[in-house]
Amino acid sequence: SGLRRFAAEARLLARVDHPNVVKLIDFVPDPADPFLVMEFVESVSLTRRVTLGPIPPGVAARMVADAARGVAAAHAAGVIHRDLK
């Protein structure tokens with residue numbers, strides 16, 4: 001069922017411990033409305049940041065490297081992200 005798949009994904013995500021990956025705090029398996037409780041990260045979205053003007057190449061390279069390290073940590077924990085943006 002969808003709820004079982006969602007719960008399995010939550011268990012996988014809970015195994016990922018990396019500074020570049022938002023932490024899973026809790027999973028609420030309510031059959032009517034299951035949800036994940038995630039760490040709050042105060043920041044500006046990438047969409048908003050891009051509207052503020054060009055991102056200097058060095059900053060952009062660090063952002064991509066940080067994202068890649070987070071994805072690598074997820075992959076090492078068995079999580080395959082199918083919708084990176």
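The rules we used
Residues numbered from 1 in each chain as written. Predicted model: local features only at pLDDT ≥ 70, side-chain atom pairs only at ≥ 80, totals over all residues. Heavy atoms only, no water. Pairing = 2+ DSSP bridges. Helix = DSSP H or I, 4+ residues; strand = E, 2+ residues; numbered from the N terminus. 1 Å grid on protein atoms, 1.4 Å probe; cavity = no way out; pocket = protein on both sides within 12 Å on 5 of 7 lines; lining within 4 Å. Points joined across faces, edges and corners; volume = space filled by probe spheres on them. Expected span 1.5 Å × (residues − 1). Buried < 20%, exposed > 50% of the residue type's maximum accessible area, 1.4 Å probe, protein only. Arc of directions from axis to C-beta. Patch = residues over 30% accessible without salt bridge, like charges linked within 9 Å, V, L, I, M, F, W, Y side chains within 5 Å. Areas by Shrake-Rupley, 256 points an atom, 1.4 Å probe, with all protein chains shown as cover. Salt bridge = Lys/Arg side-chain N within 4 Å of Asp/Glu carboxyl O.

Enquirer: Before we go on, may I ask you to explain the pairing of strand 1 (residues 24-28) in this structure?
Expert: Consecutive residues of a regular strand have side chains that alternate between opposite faces of the sheet. In this structure, strand 1 lies alongside strand 2 (residues 35-38), joined through four bridges in antiparallel fashion. Its bridge partner being in strand 2, D26 is matched across the sheet by V37. The turn linking strand 1 back onto strand 2 is made up of six residues.

Enquirer: What is the right way to look at the layout of surface pockets in this model?
Expert: To find the voids left in a structure, one rolls a probe of water-molecule size over its atoms. For the largest pocket, the calculated volume is near 1400 Å³. Contributing to the lining of the largest pocket are 37 residues, with N20, V21, V22, H81 and L84 lying nearest its centre. Per-element tally for the lining of the largest pocket: the top contributor is helix 3 (residues 57-76), with eight residues.

Enquirer: Just to check I follow, could you spell out helix 3 for this structure?
Expert: Along an α-helix, residues three or four positions apart point the same way, because every turn accommodates 3.6 residues. An ideal rise of 1.5 Å per residue puts 28 Å on 20 residues; helix 3 measures up with 28 Å between its terminal C-alpha atoms. Taken together, the buried positions of helix 3 are occupied by G70, A73 and A74. Axial view of helix 3: buried residues confined to an arc of 105°, hence all on one face. Set apart from the buried face of helix 3 by more than 90 degrees, the exposed residues are P57, V64 and A76. Looking at the residues trailing helix 3, positive phi occurs at G78, about 90°.

Enquirer: Please explain a nonpolar patch on the surface as it appears in this structure.
Expert: Residues V22, L36, M38 and V41 make up a contiguous nonpolar surface patch of about 280 Å² in total accessible area. Relative to the assigned elements, V22 resides in the loop between helix 1 (2-14) and strand 1. Look at V22 and you get partly exposed, because its relative accessible area is 35%.

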